[in-house]
Amino acid sequence: MRSSILLTCCYEEHENSPIVGVCTNKNCKHKRAFCVACKPQFHKEHSDDLVRLNEFDGWVKSRRQLIEPMNQLVNECQSFQKALKCLVGNVDQNNQPDFESLNCSEIEVYINQLILLEKAQVNLIPKIKQLITFQEKLKKEIESLILNKELCQNQQLSIEELEYQNQLNSTYLIKDDDIKIEEQKEIDKCVKIHFRFSQELKYEEITLTNNQSIAQGDLFALCEPILPLNVSTKFAFKCHEDGIYIGVCRKELIKIANFNPKLNKIGHGAYLIFCDGSVYSHLEKEKNLTKQSFKYGKNDIIQVIVNINEQKITWIKQSTNEEYSMKLEVADDLCPCVQLWGKPGTQVEIIDF
């Protein structure tokens, strides 16, 4: 296995966006591994069947539990085949017997076997033929699955790598207490503004509740008001689920992208971290689409500090004090934002801290 793996989308128009999950819908005709752009384009009608990478290991284990009952079914089929061959063999063993040489008990057994064979011809053989037809179809599907698995292995897109994709993590943790004290002083200087999600500045499928403090749905939701340019600000989000990007963005650039920007190239307009440790920078190519931040998930509170003077944005995980910082280009349309993806009902909430 490679020392580092970053799976990217194979659809050319998605421009190598990172893979964030897999589709398990039985009837889906598109690629199983999907990026953020794939979801609204290909998997909108079966979003319940999308599995995030951090849930993939559990999904695999649940499906592997089907192996034992499948083996039992194979054994039962083999047992039935053996019994049927035994019946036919007993009747056909000596061709037609000499009845004059048989006693009454032997005649009884032979006649019953012939009657059973006749019943099998009427009742069992049609069902066996249907089963054989279905078996041939199933065999082709199994062969197709095996071929697809070999292709995936050739493309280095194996189950192990999908699991390994979720395990990659690079943690940035400051331990010096003196530095923490100074940083806390800077945080205290930041202005706390009463932000709310905007009804106009969001993807159409996102719904807002609780006086516009909770966003639910898919893709980008922006907050109002715009960040002031003369002071540093602070705000925080609480994740009600996994699968939430948190940060700030350029309002006009995100609107132009219809609230679904391509984050794999710089210039997308956002400064974000994601729950698996991935970071996204509008400015820095060497940081964009890499794993440098801390991980977070359901019920975590993420504080965001925007330092205008230093042109820097900092994220802090409240429960552990882990933090990550990124260079920020000051602009007159910067605003707090989130991007949601995952199961229907994924929520994030603006909170005071």
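Structure shown above.
Here the structure is a predicted model, which is why all the values come from computation and not from measurement.

Draft legend 1. Main features of empty space enclosed by the protein. Inspection of every chain in the model, using the stated rule, returns 3 cavities of 30 Å³ or more. The space that makes up the largest cavity amounts to roughly 70 Å³. In terms of lining residues, the largest cavity is bounded by Lys-192, Ile-193, His-194, Phe-195, Arg-196, Lys-234, Phe-235, Ile-350, Ile-351, Asp-352 and Phe-353. Only strand E9 (233–239) and strand E18 (347–351) provide two or more residues apiece to the lining of the largest cavity. Looking at side-chain class alone, the lining of the largest cavity contains 6 nonpolar, 1 polar and 4 charged residues.

Draft legend 2. Fine view of a nonpolar patch on the surface. Taken together, the side chains of Ile-111, Leu-114 and Ile-115 define a hydrophobic patch exposed on the protein surface, amounting to about 210 Å² of accessible area. Mapped onto the secondary structure, Leu-114 falls in helix H4 (residues 104–154).

Draft legend 3. Quick look at the packing of aromatic side chains. Overall, the coordinates contain 11 aromatic pairs when judged by the stated rule. Of the aromatic side chains, those joined through ring pairs into one cluster are Phe-34, Tyr-245, Phe-274, Tyr-280 and Trp-341. The ring of Trp-341 carries the charged tip of Arg-52 above its face, separated from the ring centre by 5.4 Å.

Draft legend 4. Focus on unusual backbone geometry. Cis peptide bonds are those with omega within 30 degrees of zero, and the linkage from Glu-224 to Pro-225 qualifies with 5 degrees. Following the sequence through the fold, Pro-225 ends up in the loop between strand E8 (219–224) and E9. With a phi angle near 60 degrees, Asn-211 is a residue other than glycine that sits in the positive phi range. Take Asn-211: it is sitting in the loop between strand E6 (207–209) and strand E7 (214–216).

Draft legend 5. Broad picture of the sheet that holds strand E12 (residues 278–281). Reading across from one edge, E5-E8-E17-E10-E11-E12-E13 is the order of the 7 strands in this open sheet, with antiparallel pairing throughout. Taken across any chain shown, the strands that pair with only one partner, and hence form the sheet edges, are strand E5 (196–202) and strand E13 (290–291). Where strand E11 (residues 270–273) and E12 come together, 3 bridges link them in antiparallel fashion. By the bridge assignment, Leu-272 is partnered in E12 with Tyr-280.

Draft legend 6. Fine view of the layout of surface pockets. The calculated volume of the second largest pocket comes to roughly 700 Å³. Lining the second largest pocket are 17 residues, and of these Leu-73, Cys-77, Leu-131, Gln-135 and Leu-138 sit closest to its centre. Those elements giving two or more residues to the lining of the second largest pocket turn out to be helix H3 (67–92) and H4. Looking at the lining of the second largest pocket residue by residue, the classes come out as 12 nonpolar, 3 polar and 2 charged.

Draft legend 7. Representation of the sheet that holds strand E3 (residues 50–52). Across the sheet, which stays open at both edges, the 3 strands sit in the order E2-E1-E3 with antiparallel pairing between neighbours. Either end of the sheet is taken by a strand with one partner, and the two such strands are strand E2 (33–34) and E3. Bridge analysis of strand E1 (residues 21–23) against E3 gives 3 bridges, and the strand direction is antiparallel. Looking at E3, one finds that Gly-21 is bridged to Arg-52.

Criteria and cut-off values
Residues numbered from 1 in each chain as written. Predicted model: local features only at pLDDT ≥ 70, side-chain atom pairs only at ≥ 80, totals over all residues. Heavy atoms only, no water. 1 Å grid on protein atoms, 1.4 Å probe; cavity = no way out; pocket = protein on both sides within 12 Å on 5 of 7 lines; lining within 4 Å. Points joined across faces, edges and corners; volume = space filled by probe spheres on them. Helix = DSSP H or I, 4+ residues; strand = E, 2+ residues; numbered from the N terminus. Nonpolar A, V, L, I, M, F, W, Y, C, P; charged D, E, K, R; others polar. Patch = residues over 30% accessible without salt bridge, like charges linked within 9 Å, V, L, I, M, F, W, Y side chains within 5 Å. Areas by Shrake-Rupley, 256 points an atom, 1.4 Å probe, with all protein chains shown as cover. Salt bridge = Lys/Arg side-chain N within 4 Å of Asp/Glu carboxyl O. Phe/Tyr/Trp six-rings, centres within 6.5 Å; stacked < 30°, edge-to-face > 60°. Lys NZ or Arg CZ within 6 Å of the ring centre and 35° of its normal. Pairing = 2+ DSSP bridges.

That's the geometry; what it means functionally is another story.
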